[in-house]
Amino acid sequence: MKIIKRILGIILTLIIVLVLIVAVKFSTNRNNPYDNTISDNIIPTFKEIPIDFTHQFNGTESLPVTASVLIDIDNDGVDELFLGGGFNQQDEIFSYKDGKFVSISENVGLPKKENSTTLSGASTDFDNNGFTDLILSREDGIVIYYNYNGKFTPKKIEYDLADNATPLGLTLGDVNKDGFTDIFVANYIRKKQMVGQNNFSKNYGPQSLLLINNGDNIFKNTTIEAGLEYIHNTFMGILIDIDNDTWLDLIIAYDTGEIRTYKNKGDGTFEKKVNPSTDKYAYPMGIAVGDYNNDGLVDFMFSNTGTTVPHFVASGNIEDKSLFNSNWIFFENKGNFVFEDVSEKTQTKDFEFSWGATFADMNNDGLQDLIVAENYIDFPPHKVFKLPGRFLTQKEDHTFVATEEKSGVVNPNYAITPLVSDFNKDGYLDLVWVNLGTPALAYINDGGENNFIKVKLDDNAENLGAKVEVITTGNKKITEDFIVGEGLTSDQSATLHFGLGKDNVKSVFVKYISGKEYTFQNPKINSLLTIPKVSISDTITTELTKE
């Protein structure tokens, strides 16, 4: 009997020790892994405002993502907020009014849905009628909500949806420069066909698709002939001009796989390029897009499982564990499709399990900050030990410091992506946390004394992919790409935002994928610059269209 008691005591002690180890591991996982500091006067701060939306997650029917889109429905210069509903939950559209978000779903004729989850969304003007349309993906396919003077009319896209495919991330652009908006659809295996969550097997999942617009918003699947054939689960891709040759290239996050970078050859085909992730394994999910170091070349940050999941668990069935990377991934663009992973140099490498991400200048100092969604609804420790959601403020040395607590934007919910837009028109970007199975959270920026300029192009095929460069009186060069799909299963604002610090603006230069160029000399600051249609290359001096 004494032996049995002793054995039981040992077992109980081991269990207690194990529980304590797990508790310490996950309770400290939210700590800042870097011993870095930043001046308080640089840290942007926010106040929470009301928004009445709690996503309803059905883990049996749905993949753990949800749609969100910033879209200016009525052309008033202020974004509305679309939030996708869970399985059998209706979608909602909100407008910022009188210090809070209010639903306008009935006002805009938002269609009802049944027996499906709204998984992903994006926006552009497909039919060139001057109003931005909404495109959404659900388990049963993709639908465009055409915007006719602020009211929506749905039309489903006809294409071959594979039996094992769920359409997730959507990115848009004129791939072949024919004047019409094409679609890249990131496909993921259907929820009920999943075989484990750490399955790195080759050919696990469906083929993602490139759908070319025939000119009448009828789309042709050209994936194979375009050289994009690759069967694997995919969260999202981004159509963007990576090498500044005016052709929209493609960067893709393959979950339990690698990041792929494809150069658009200009003849309807793409060429796969080697990058630091090639032939390695990770969980790249969300993609942040921006020129973080202001060198005129677009950079990318990719979310990953980070330090949260033990390496031996996260690496799953990979035979050579040395090929597995669980860290956050940060591609600095060196030009000509050469990338360096600078996650260690930027002090972003050692953070936790993350989802969608976005680059945005939240304090208007001329440097893009990094906001990253965290917490996994299907990961048991996150039921108790919540990550904060990372708000990383960039310093002048191009390192990032976690300031979410001082900024007042800690998010204990199951976040999918951040969205940023200037809802109250004070010149500072505000923040929405889009959350899964929990309430959405919204914050208004407290603002500051720094200058800014906002740039608005028509949201259509002619302008998608354009590069906008602002030259300041302090000789800073700040570049933004007009793209669709940044974050995760989401779409950011179509209004480009440039923080200026204390500088004024010498010029704003726009280069379109057509090769046409437009330059504004000495525009006014702290205003909205609306770019007119361009038919020839020109350099003009113009006043701004003010808000």
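Residues numbered from 1 in each chain as written. Predicted model: local features only at pLDDT ≥ 70, side-chain atom pairs only at ≥ 80, totals over all residues. Heavy atoms only, no water.

A.B. asks: Residue-level account of the overall build of the chain, with values.
C.D. replies: In terms of helices and strands, the chain carries three helices and 37 strands. Against the 2.2 N^0.38 benchmark of 24 Å for 547 residues, the chain shows a C-alpha radius of gyration of 23 Å, consistent with a compact globule. For the chain, contacts bridging at least 24 residues in sequence account for 60% of all contacts bridging at least 6. Of the roughly 20700 Å² of accessible surface on the chain, a fraction of 51% belongs to carbon and sulfur atoms. Here the chain contributes 48 positive and 76 negative side-chain charges, whose respective centroids are spaced 6 Å apart. (Helix = DSSP H or I, 4+ residues; strand = E, 2+ residues; numbered from the N terminus. Rg over C-alpha atoms; globule rule 2.2 N^0.38 Å. Contact = heavy atoms within 4.5 Å. Areas by Shrake-Rupley, 256 points an atom, 1.4 Å probe, with all protein chains shown as cover. Lys, Arg positive; Asp, Glu negative; His and termini not counted. Charge placed at Lys NZ, Arg CZ, Asp CG, Glu CD.)

A.B. asks: Go over the nonpolar core with me, naming the residues and quoting the values.
C.D. replies: Core analysis: the biggest nonpolar cluster contains 58 residues, and F300, W355, L431 and W433 have the highest contact counts within it. Ranked by residues supplied to this core, first place goes to strand β14 (residues 234-240) with four residues. Excluding residues that lie within four positions of it along the chain, F300 makes contacts with I240, I242, I251, I287, A288, V289, I329, F330, F331, F339 and F359. Core analysis: the next-biggest nonpolar cluster, separate from the first, contains 37 residues, Y159, L209, F219 and Y518 among them. (Core = buried A, V, L, I, M, F, W, Y, C linked by side-chain atoms within 4.5 Å. Buried < 20%, exposed > 50% of the residue type's maximum accessible area, 1.4 Å probe, protein only.)

A.B. asks: For the pattern of salt bridges, give the residues involved together with the corresponding values.
C.D. replies: Applying the stated criterion to the full structure yields 19 salt bridges. Close ionic contact of K454 with D422 constitutes a salt bridge, the shortest N to O distance being 2.9 Å. Of the two residues, K454 sits in strand β29 (residues 451-456) while D422 sits in the loop between β26 (415-421) and β27 (430-435), which places them 32 residues apart along the sequence. Classification of K454 by relative accessible area gives buried; the value is 4%. (Salt bridge = Lys/Arg side-chain N within 4 Å of Asp/Glu carboxyl O.)

A.B. asks: Quick one: what's the story with the sheet that holds strand β36 (residues 528-530), residue by residue and with numbers?
C.D. replies: Judged by pairing direction, the sheet is mixed, and its three strands sit side by side in the order β33-β29-β36 without closing on themselves. At either margin of the open sheet sits one strand with a lone partner, and together these are β33 (495-501) and β36. Neighbouring strand axes in the sheet, compared pairwise and without regard to direction, differ in orientation by 20° on average. Where β29 meets β33, six bridges bridge the pair, whose relative direction is antiparallel. Across the sheet, K456 pairs through a bridge with T495, a residue of β33. (Pairing = 2+ DSSP bridges. Axes fitted to C-alpha atoms, helices over the stretch in contact; angles between N-to-C directions.)

A.B. asks: Hey, could you go over the sheet that holds strand β32 (residues 490-491) for me, with residue numbers and the actual values?
C.D. replies: As a general point, the strands of a sheet are linked pairwise by backbone hydrogen bonds and lie either parallel or antiparallel. Reading across from one edge, β5-β4-β3-β2-β32 is the order of the five strands in this open sheet, with mixed pairing throughout. One side of each edge strand has no neighbouring strand; the edge strands of this open sheet are β5 (100-103) and β32. Where strand β2 (residues 68-71) and β32 come together, two bridges link them in parallel fashion. Bridge pairing in β32 links S68 to S490.

A.B. asks: Quick rundown of the packing of aromatic side chains? Include the residues and the values.
C.D. replies: Summed over the entire model, instances satisfying the criterion amount to 29 aromatic pairs. On the basis of an interplanar angle of 80° and a centroid distance of 6.2 Å, the ring pair of F53 and F94 is categorised as edge-to-face. You can see F53 sitting in the loop between β1 (46-49) and β2 and its partner F94 sitting in strand β4 (residues 92-97), a full 41 residues away along the chain. Judged by relative accessible area, which is 8%, F53 ranks as buried. The buried category is assigned to F94, whose relative accessible area is 2%. (Phe/Tyr/Trp six-rings, centres within 6.5 Å; stacked < 30°, edge-to-face > 60°.)

A.B. asks: Before we move on, can you summarise the pairing of β14 with the specific residues and values?
C.D. replies: Among the seven residues of β14, seven are classified as buried, and the element is accordingly described as predominantly covered. Summarising the sheet, β14 and strand β15 (residues 249-254) pair through six bridges and their orientation is antiparallel. When the bridges of β15 are listed, T234 appears paired with Y254.

A.B. asks: Describe the domain arrangement of the chain, and please don't skip the residues or the numbers.
C.D. replies: Each assigned domain of the chain is listed with its residue range as follows: domain 1 (1-31), domain 2 (52-452) and domain 3 (453-530). Both faces combined, the contact of domain 2 with domain 3 buries some 4000 Å², and carbon together with sulfur accounts for 50% of it. Inspection of the region where domain 2 meets domain 3 yields one salt bridge. Counting across the interface, domain 2 meets domain 3 through 36 residue pairs in polar contact (both at pLDDT 80 or more). Residue assignment for the side of domain 2 that touches domain 3 shows that the elements contributing at least two residues are β2, β6 (120-124), β10 (165-173), β14, β18 (287-290), β22 (354-360), β26 and β29. Classifying every residue of the side of domain 2 that touches domain 3 gives 31 nonpolar, 28 polar and 13 charged. (Domains from an automatic or database assignment. Buried area = accessible area lost by both parts, 1.4 Å probe. Polar contact = N/O pair within 3.5 Å; in protein donor to acceptor, adjacent residues only side chain to side chain. Nonpolar A, V, L, I, M, F, W, Y, C, P; charged D, E, K, R; others polar.)

A.B. asks: Describe unusual backbone geometry, with residues and values.
C.D. replies: Residue N203 is not a glycine yet carries a positive backbone phi of 60°. Structurally, N203 can be placed in the loop between β11 (182-189) and β12 (209-213). Its relative accessible area of 55% is what places N203 among the exposed residues. Its identity as a non-glycine residue notwithstanding, F337 has a phi of 65°, on the positive side. On the secondary structure map, F337 appears in the loop between β20 (329-335) and β21 (338-341).

A.B. asks: Lay out the environment of V289 in plain terms, naming residues and giving numbers.
C.D. replies: Within the secondary structure, V289 sits in strand β18. Each C-alpha atom of the pair V289 and M301 lies 6.8 Å from the other, and the pair is 12 residues apart in sequence. When near neighbours in sequence (up to four residues on either side) are disregarded, V289 contacts I238, I240, V298, D299, F300, F359, I483 and E486.

A.B. asks: I'd love a proper account of the side chain of N463, names of residues and values included.
C.D. replies: Along the polypeptide, N463 turns up in the loop between β29 and β30 (467-472). Using a relative accessible area of 7% as the deciding quantity, one classes N463 as buried. Here the side chain of N463 touches D458 through a polar contact of 2.7 Å, landing on its backbone oxygen. Not counting residues up to four positions away in its chain, the partners in contact with N463 are L457, D458, F482 and Y512.

A.B. asks: Summarise the side chain of D365; cite the residues concerned and give the values.
C.D. replies: Along the chain, D365 turns up in the loop between β22 and β23 (369-374). No salt bridge is formed by the buried D365; the nearest opposite charge belongs to K476, separated by 6.9 Å.

A.B. asks: Give me the confidence of the model for the chain: which residues, what numbers.
C.D. replies: For the chain, the mean per-residue pLDDT works out to 92, and 92% of the residues sit at or above 70. Low confidence marks residues 17-21, where pLDDT is under 50. Its contacts with residues over four positions away, or in another chain, come to zero contacts. Taken as a whole, residues 536-547 scores under 50 in pLDDT and shows 33 contacts with residues more than four places along the chain or in a different chain. (pLDDT = per-residue confidence, 0-100.)

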